[in-house]
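Inside the fold
Listed below, chain by chain, are the residues.
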2 protein chains.
Amino acid sequence: MRGFSERADVEDVERLLASDLRPLEPETVPVGGCAGRVLAEDVAARHDVPGFRRAAMDGFALRGEATFGASEYAPLRFEVVGEAFPGRPHPESLEAGQAIRIMTGAPVPDGADAVVKAEVCREARGRVEVQEPVAPRKNVGEVGEDIRVGTTVLRRGRRLRPQDAGLLASIGHAQVSCVRAPRVALVVTGDELLPAGSAPRDCRIVDSNSTVLAALVARDGGVLLPFEILPDDPERIRAALQADADVLLVSGGSSVGQEDHAPRLLAELGRLDFHGVTMRPSGPAGGGRIGESYVFLLPGNPVSCLCAYEFFAGPTLRALGGRPRAWPHRRRRARLARKLSSQVGRTDYVRVELRGGEVVPIATSGASILSSTVRASGAVIVPRELEGLPEGAEVEVLLYDEDSEPGEAGGDGP
Amino acid sequence: MRGFSERADVEDVERLLASDLRPLEPETVPVGGCAGRVLAEDVAARHDVPGFRRAAMDGFALRGEATFGASEYAPLRFEVVGEAFPGRPHPESLEAGQAIRIMTGAPVPDGADAVVKAEVCREARGRVEVQEPVAPRKNVGEVGEDIRVGTTVLRRGRRLRPQDAGLLASIGHAQVSCVRAPRVALVVTGDELLPAGSAPRDCRIVDSNSTVLAALVARDGGVLLPFEILPDDPERIRAALQADADVLLVSGGSSVGQEDHAPRLLAELGRLDFHGVTMRPSGPAGGGRIGESYVFLLPGNPVSCLCAYEFFAGPTLRALGGRPRAWPHRRRRARLARKLSSQVGRTDYVRVELRGGEVVPIATSGASILSSTVRASGAVIVPRELEGLPEGAEVEVLLYDEDSEPGEAGGDGP
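Residues numbered from 1 in each chain as written. Chains lettered and ligands numbered in written order. Predicted model: local features only at pLDDT ≥ 70, side-chain atom pairs only at ≥ 80, totals over all residues. Heavy atoms only, no water.

1. A look at the sheet that holds strand β5 (residues 76-84) of chain B
Residue and element names in this part refer to chain B. Spatial ordering of the open sheet is given by β7-β4-β6-β5-β9-β8, a layout of 6 strands whose pairing is mixed. Only two strands of the sheet have a single partner each, and these edge strands are β7 (114-117) and β8 (121-124). The average angle at which neighbouring strand axes cross in this sheet is 40 degrees, direction not considered. In this structure, strand β4 (residues 59-62) lies alongside β7, joined through 4 bridges in antiparallel fashion. Each bridged residue has a counterpart across the sheet, and for Leu-62 the counterpart in β7 is Ala-114. (Pairing = 2+ DSSP bridges. Helix = DSSP H or I, 4+ residues; strand = E, 2+ residues; numbered from the N terminus. Axes fitted to C-alpha atoms, helices over the stretch in contact; angles between N-to-C directions.)

2. Notes on the pattern of salt bridges
On inspection of all chains with the given rule, the structure shows 59 salt bridges over all chains. Taken together, the salt bridges that share partners define one network made up of Arg219(A), Asp220(A), Glu310(A) and Arg318(A). (Salt bridge = Lys/Arg side-chain N within 4 Å of Asp/Glu carboxyl O.)

3. A look at helix α2 (residues 162-170) of chain B
For an α-helix, the turn length of 3.6 residues means that residues three or four places apart are oriented alike. Summarising burial for α2(B): 9 of the 9 residues are buried, a large majority. Among all positions of α2(B), only Pro162(B), Gln163(B), Asp164(B), Ala165(B), Gly166(B), Leu167(B), Leu168(B), Ala169(B) and Ser170(B) are buried. Along its buried surface, α2(B) packs onto β15 (205-206), α3 (209-219) and α7 (371-375) of chain A together with β2 (43-44), β11 (152-154) and β12 (175-179) of chain B. Looking at the residues trailing α2(B), positive phi occurs at Gly172(B), about 90 degrees. (Buried < 20%, exposed > 50% of the residue type's maximum accessible area, 1.4 Å probe, protein only. Contact = heavy atoms within 4.5 Å.)

4. A word on the packing of aromatic side chains
All names here are of chain A. For the structure on display, the rule yields 8 aromatic pairs over all chains. Ring centres of Trp-327 and Tyr-400 lie 6.4 Å apart, and the angle between their planes is 55 degrees; this geometry places the pair in the tilted category. You can see Trp-327 sitting in the loop between α6 (302-320) and β23 (331-336) and its partner Tyr-400 sitting in the segment after β29 (394-399), a full 73 residues away along the chain. Comparing Trp-327 with Tyr-400, the two get one shared label, buried. Taking NZ or CZ as reference, Arg-88 lies 4.6 Å from the ring centre of Phe-85, over its face. In this arrangement the basic side chain of Arg-289 is found over the ring face of Tyr-294, its NZ or CZ atom lying 3.8 Å from the centre. (Phe/Tyr/Trp six-rings, centres within 6.5 Å; stacked < 30°, edge-to-face > 60°. Lys NZ or Arg CZ within 6 Å of the ring centre and 35° of its normal.)

5. Thoughts on the environment of Glu391(B)
Along the polypeptide, Glu391(B) turns up in the loop between β28 (388-389) and β29 (394-399). Sequence-wise, Glu391(B) and Arg338(B) are 53 residues apart; in three dimensions their C-alpha atoms are separated by 4.2 Å.

6. What to know about the domain arrangement of chain A
Domain annotation for chain A reports domain 1 (10-24 + 181-320), domain 2 (26-49 + 147-179), domain 3 (54-141) and domain 4 (331-408). Computed over C-alpha atoms only, the centres of domain 2 of chain A and domain 4 of chain A are separated by 40 Å. (Domains from an automatic or database assignment.)

7. Overview of the relation of the copies chain B and chain A
The two copies are related by a screw motion: chain B maps onto chain A through a turn of 180 degrees and a shift of 0.0 Å along the axis, at an RMSD of 0.1 Å. One copy is carried onto the other by what is essentially a two-fold rotation axis. Closest approach to the rotation axis within chain B is made by the C-alpha atom of Arg330(B), at a distance of 4.0 Å. (Least-squares fit on C-alpha atoms with pLDDT ≥ 70 in both.)

The structure is reproduced here in structure tokens:
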């Protein structure tokens, strides 16, 4: 059996992965599906919003100056010559002494420059009595008050929010140019693996890595290609490594054992940039390139697989899709309930529970114990320079949850 | 024109909406698609994981006791009678003096109770020399070391993480019982509205609310039904209100103008629980029930629509799906760069920018200015009891973004 000739440090691998990475080229996305996507170009408004003067209130549109002096005791009268609804304008200009009934959002006709609110008016027999003066332009939304034609409304690199998508629709965009979502191929190998949905039997286990990875890829904005579990057969793995994908996640067969074909095949087909990392778990992780594709060798043990994904593949996937590389969930600072042992020269990814505001490391640290990541609230990273962290040390927990934190769950308001 | 007879306070509406709300009934979800869903029942393991003793290391499986006394200078010899790979066990029990070559994850045969790591062994001519003793059970994962059959691994109410989905796969679940995802119908009305993807023209505007709402519904775990924009026609709206949905979002036509049919129709078909809220924007918001369905009357102005969704519809939708009601994004405490005026008796939803760590209210406060929510970092809520907040006051910003905060974007690690 061969060993790792030289292990890389986590920071070196991170630097290598970040060094020449550019977001993927743009693709066109319908405006209805662009929320959550990353904008690939600046967007300028092609229309004023609104494109016409509109009532900001229900009431009567008229010339504001003509209401000066109106009061409850000396109301001023206007002839009501029509009405305007949103999308159904009054077709003519108003003359002096005329008003129209108008609804919020309706176009204000020429000849009017203000809307007097309904509450200070009395309408009867084709006339309206106005009991309060209204200044010109009052309660009238001007052309372009929301957005002026030509204004840059959104900048490239922006992760589009729901309201951004709405804004793009409102300025007449049917589609928008976004960073292409990375295509991800899973290459899951192992003679012992049964597909998810099977019951474990004999000495075969159910593949959990593809289920975990599929959910992580979706979280990070990737598009997962169809996949199947492969036997430990070099020819099958070789073919799978040539998938047309931006990122290949190889689960299993990544170490230095005689059935670990992936590192050799990666070196043959492309470039094995690193193999073996000074970290725990995920020590046997590796990675490289085949053409433009990023290939990650994720150890088969489920905790190692998750950890290697989070350190190396996740940030790469997010960055290819134009998102920030950083951990996508909340972080929380808290104190260690007991000391954490590590080793100088090795980065540790320690599953922890948050209990009573304290950080409790989970005792079972085996890389094969997936249930430890289910019990955990998140992970603490012990950097390579330290041989551990003492009880009481303040640490940063990378929380696993997207949801609000427990303390917020009962909160009020939106 | 009618006015609101009585406006409800935000807190009363929130209390009403929370009062008899229960998560929807369970539905069956394939384990591959359950991440992000909420578990409807406790799940116990039906199998031990692993279901067999497995090697935790590459090396040689043998009886540990037989290695006692081994050293580099006085190695102990074993006959190598075969090998075991994951999924490919050695078919026979080991006798005294025998060993097999074994890979991580492979079944440990009967007659062996330890794995001695490859690094302290020398193999030649069918024999292996062991240069270090190994204790019984060392480097052997016992049956059930990850999960014992019968253990409750996940509790109802849990929002399933990627690793939870993996765990469910590993214990042999093909599917899992989750809270049903709420079905949401959009009822978007307005003669002036053009569908998203159109260019605005004449005095018609492009509907942005359905684009915003569709993205918010997806964020909150709802399943959006197909929809179309309806004219302000009571019969069309009446039919649409009878959709088979858990939540109906009615956008437009919700106020008290003559074209505002939705409140009357809701009262006719079911129950108008509230109409008019002491808040700004979204004062004309309303809601009620038709059968089991929750109906929300969202004002047509885009900021009001967004705000009413976030206050009332969003929490309801999340709760129906079994998620926490609370604001789903990050919150951040910071100081106001200038004072915020409000009014006692009214809850204000103020769009703000975070600039240099300070909270800057956005001057344009019109409910029709969707671009204000695009410029904003989030919102500050000024509660009903206050007539505003002074410059320098510490406030909580409900951030609009799911992404990491800007300061974290360049961070290291996963």
